[in-house]
Amino acid sequence: MDHKLELANAIGTQTGIPAAELVDYIEIPPNPEMGDYAFPCFRLAKSLKKAPAAIAAQLKDEVQLPGGIARVEAAGGYLNFFANKDEYTKAVLDAVLSADRYGATQQGENKNVCIEFSSINIAKPVHIGHLSSTAIGNSLCRIYGYLGYNTIAINHLGDWGTQFGKMIVAYQKWGSREMVEKESVRGLVKLYVRFHEEAEKDESLNDEARAWFRKIELGDPDALELFNWFKEISLKEVMQIYELLDVHFDSYAGESFFEDKMKPIIDELGAKGLLKVDNGATLVELEEYGMPPCIILRSDGATLYATRDLAAARYRKATYNFVKSLYVVAYQQNLHFQQFFKVLELLGDDWVKDMEHVNFGMVSMEEGTLSTRHGNVVYLEDVLKAAIDKTLDIIKEKSPDLEDKQSAARAVGVGAVVWGVLYNSRIKDITFSWGKVLNFDGETGPYAQYTHARCCSVLNKAGGYDANAVDYSKLDDPAVAALVKAIAVFPDAIQTAASKNEPYIVARATIDICATFNRFYYDNRIMDDDAAIRNARLAITDAARKVIATGLYLVGLKAPERM
RNA sequence: GUUUCCGUAGCUCAGCAGGAUAGAGCGUCCGCCUCCUAAGCGGAAGGCCCCGGGUUCAAAUCCCGGCGGGAACGCCA
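Residues numbered from 1 in each chain as written. Chains lettered and ligands numbered in written order. Predicted model: local features only at pLDDT ≥ 70, side-chain atom pairs only at ≥ 80, totals over all residues. Heavy atoms only, no water.

Given a rise of 1.5 Å per residue, 16 residues ought to cover 22 Å, and the 22 Å separating the end C-alpha atoms of helix 6 (residues 131–146) matches this to within 8%. With respect to burial, helix 6 is a largely interior element, 15 of its 16 residues being buried. (Helix = DSSP H or I, 4+ residues; strand = E, 2+ residues; numbered from the N terminus. Expected span 1.5 Å × (residues − 1). Buried < 20%, exposed > 50% of the residue type's maximum accessible area, 1.4 Å probe, protein only.)

This paragraph deals with the pairing of strand 4 (residues 112–116). Counting buried residues along strand 4, five of its five residues qualify, which places the element largely inside the surrounding structure. Residue alternation in strand 4 divides its side chains into two sets, Asn112, Cys114 and Glu116 and Val113 and Ile115, and both sets are buried. Sheet topology places strand 4 next to strand 5 (residues 150–154); five bridges connect them, and they run parallel. When the sheet's bridge partners are listed, Ile115 is paired in strand 5 with Ala153. Crossover handedness for the path strand 4 to helix 6 to strand 5: right-handed. Sheet topology note: the strand 4/strand 9 (residues 324–328) ladder contains four bridges and is parallel. Of the residues in strand 9, the one forming a bridge with Cys114 is Ser325. (Pairing = 2+ DSSP bridges. Right-handed = clockwise from strand over helix to strand, strands pointing away.)

The next subject is the protein's contact with RNA strand B. Of all residues adjacent to RNA strand B, which total 62 residues, the nearest are Tyr78, Arg298, Lys398, Ser425 and Glu443. Contact distances for RNA strand B include 3.3 Å between a phosphate oxygen and a side-chain N or O atom of Arg308. Take Ser457: an N or O atom from its side chain is 2.5 Å from a phosphate oxygen of RNA strand B. Those elements giving two or more residues to the surface near RNA strand B turn out to be strand 3 (78–83), strand 7 (281–284), helix 12 (305–320), helix 14 (380–398), helix 17 (445–462) and helix 19 (504–523). Sorting elements by how many residues they give to the surface near RNA strand B places helix 17 first, with eight residues. (Near = heavy atom within 4 Å. Polar contact = N/O pair within 3.5 Å; in protein donor to acceptor, adjacent residues only side chain to side chain.)

Attention shifts here to the nonpolar core. The biggest cluster of nonpolar side chains holds 153 residues, and the ones touching the most others in it are Phe39, Phe81, Ile115, Trp419, Ile487, Phe490 and Ile513. Tallying contributions element by element places helix 18 (residues 478–500) first for this core, with twelve residues. In this structure Ile115 touches Gly137, Leu140, Cys141, Tyr144, Thr151, Ile152, Ala153, Ile154, Leu326 and Val328, once residues within four positions along its chain are discounted. Ile266, Leu274, Met291 and Tyr320 belong to the second-largest nonpolar core, a separate cluster that totals 31 residues. (Core = buried A, V, L, I, M, F, W, Y, C linked by side-chain atoms within 4.5 Å. Contact = heavy atoms within 4.5 Å.)

Of note, Phe195 is situated in helix 8 (residues 177–201). Separated by 135 residues in the primary sequence, Phe195 and Lys60 have C-alpha atoms spaced 79 Å apart. When residues no more than four places from it in sequence are discounted, the contact partners of Phe195 are Lys166, Val169, Ala170, Trp174, Leu205, Asn206 and Ala209.

This paragraph deals with the sheet that holds strand 13 (residues 430–432). Strand order in the open sheet made by the three strands is 12-11-13, with mixed pairing throughout. Strands with a single pairing partner mark the edges of an open sheet, and in this sheet they are strand 12 (368–369) and strand 13. Sheet analysis places strand 11 (residues 363–365) next to strand 12, joined by two bridges and oriented antiparallel. Within strand 12, the residue paired with Met365 across the bridge is Gly368.

Next up on the list: the packing of aromatic side chains. For the structure shown, the criterion picks out 27 aromatic pairs. With centroids separated by 5.2 Å and ring planes inclined at 75°, the aromatic side chains of Trp160 and Phe213 adopt a geometry described as edge-to-face. Of the two residues, Trp160 is situated in the loop between strand 5 and helix 7 (162–174) and Phe213 in helix 9 (residues 204–218); the sequence distance between them amounts to 53 residues. Grouping residues by exposure puts Trp160 and Phe213 together as buried. Aromatic pair Tyr327 and Phe341: ring centres 6.0 Å apart, planes at 55°, arrangement tilted. (Phe/Tyr/Trp six-rings, centres within 6.5 Å; stacked < 30°, edge-to-face > 60°.)

Our focus in this paragraph is unusual backbone geometry. For Ser118, which is not a glycine, the phi torsion comes out positive at approximately 70°. In this fold, Ser118 is placed in the loop between strand 4 and helix 6. Non-glycine residue Asn501 carries a positive phi angle of around 55°.

Counted by the stated rule, this structure contains 32 salt bridges. Notably, a salt bridge pairs Arg298 with Asp300, separated by 2.8 Å at the nearest N-O pair. Residue Asp300 is classed as exposed on the basis of its relative accessible area of 54%. Sharing partners across several salt bridges, the network here consists of Arg186, Glu381, Asp382 and Lys385. (Salt bridge = Lys/Arg side-chain N within 4 Å of Asp/Glu carboxyl O.)

Axis separation between helix 17 and helix 19 bottoms out at 10 Å; the angle between their running directions is 45°. Considered as vectors, helix 17 and helix 19 are oriented oblique to each other. Read as a crossing pair, helix 17 and helix 19 show a hand that is left-handed. Only Ile511, Cys514, Ala515, Phe517, Asn518, Tyr521 and Tyr522 of helix 19 make contact with helix 17, whose side of the interface consists of Tyr447, Ala448, Thr451, Arg454, Cys455 and Val458. When its residues are assigned to classes, the contact of helix 17 with helix 19 shows ten nonpolar, two polar and one charged. (Axes fitted to C-alpha atoms, helices over the stretch in contact; angles between N-to-C directions. Parallel < 35°, antiparallel > 145°, perpendicular 65-115°, else oblique. Left-handed = near helix turned anticlockwise from the far one by under 90°. Nonpolar A, V, L, I, M, F, W, Y, C, P; charged D, E, K, R; others polar.)

The structure is reproduced here in structure tokens:
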């Protein structure tokens, strides 16, 4: 299917240049009319002491075409090769139709990849700002899983800190069991906001909060009961969202889990002479690496974020022996990760090279920064619900006879929202707008899902086809060539997406298949009267269906058969 | 101030281990359902690829310097 190496060999024998060097030069022309492969002769001009166009013209006559390549043309300094279309189409479609999971590999067999993502804060609402990490992390889990890796999805819960002391104080003063049970996390947030309002007037509340958190740390039964209850409520609520998103975790080991695991690494830092006390704080100096110091202990002796991350990294290495450990966390924390990775390096943990901060841009509102305190937030749950409601309306209008409208609406509504954060490179900032998340036209999740459903619909109506008797010469439409190419490139997209940790590459490769399929669909009646033509068109429709379903899966979307 | 990321069509973004006329969606305008899902398809308009140098046969892509914007920068996470 891939002729690059054979072409490199053929050119190599003519020019005397090693094929290994030439193979990287071979490219795919921007326009299919130019051919399927192109070799730019410019680079050979110097060593061969000839003009590029002359080299191309000469090679055109001399080069021995490998099997599967039908002809060659010289165009300026380019040598353009044309594959034998029928053979190429057959090779690509056979690969899809015969494979269980097209594009899947075993390259990750017996290798563990840790992926930390979502990492929600207990007792705080899950808002749209949490979607990026959750969606990107989930997609990466699926992509690595598809490549054979064993993935460990880690939700590094924010479940520790004086904030819980504050919650307890607020709950005892202004809350009630009924209120919290009824209003759940939103009730807790109200209490939290109230606490900050009151604390502005009355400083002593902060002392009370610290005292209560101290009780949690010491294992006081009353304090622990409330703490665990708040945690339970929060988790219960967030689970519903994860259920909707079809996201699952292997570990919820968060901050509280590492509370008793930091001492050894602090001791080791001290023993290796990396610690320094400055203004009361204990830190690792990183000036010679162009970074501010990494604080390990506050002046009051308390541990910090970095301390916990160090302990967590060690724990994960020991527990999972990962070949890769990813942190899907916003780019605001770039410096933190650079610092904490550097500290591990200084400790001699050479596996730090396998760790990567998979950063992404920030979400803001049209009115400005997201802020729970100022009420400038949009709850993720509300966004998902709105998208589902809108989808349901569309389904009622367009597919009134669809049996299970609810589940289709869930798949498509959620898909539209998730797709929104996975269609561009991670680093881009996002300004939330209802108009945008509720747009289902164009390059969107619903578009991909719609195309998939369309394929399913045709295939269902056809009732089947004979995959072993496909006459590929019947597929002579120009749209077919584009579709076949889009399908052929899909496995490369998965590889690139994994190597860059960029789900959008899969999303876009999927859209390319959808767009070319829809063009094909309009140019050709699949259910043609001619049995051979019909069979071939059904085969390519089925291939498109399979790959689109895979693409949707890899970015975390469902692929309903009807919508 | 220092570090870092970003700057491509009105808007949102692809393209950037250099290569052939710079692409897509949204929005705008025009057209297409007696036929397999119109959440679709076709067409039009719309670009000093932020600016200036440099490297190269070739720069949106690499390097340097500006300008503009985001983010981070010692006891939050």
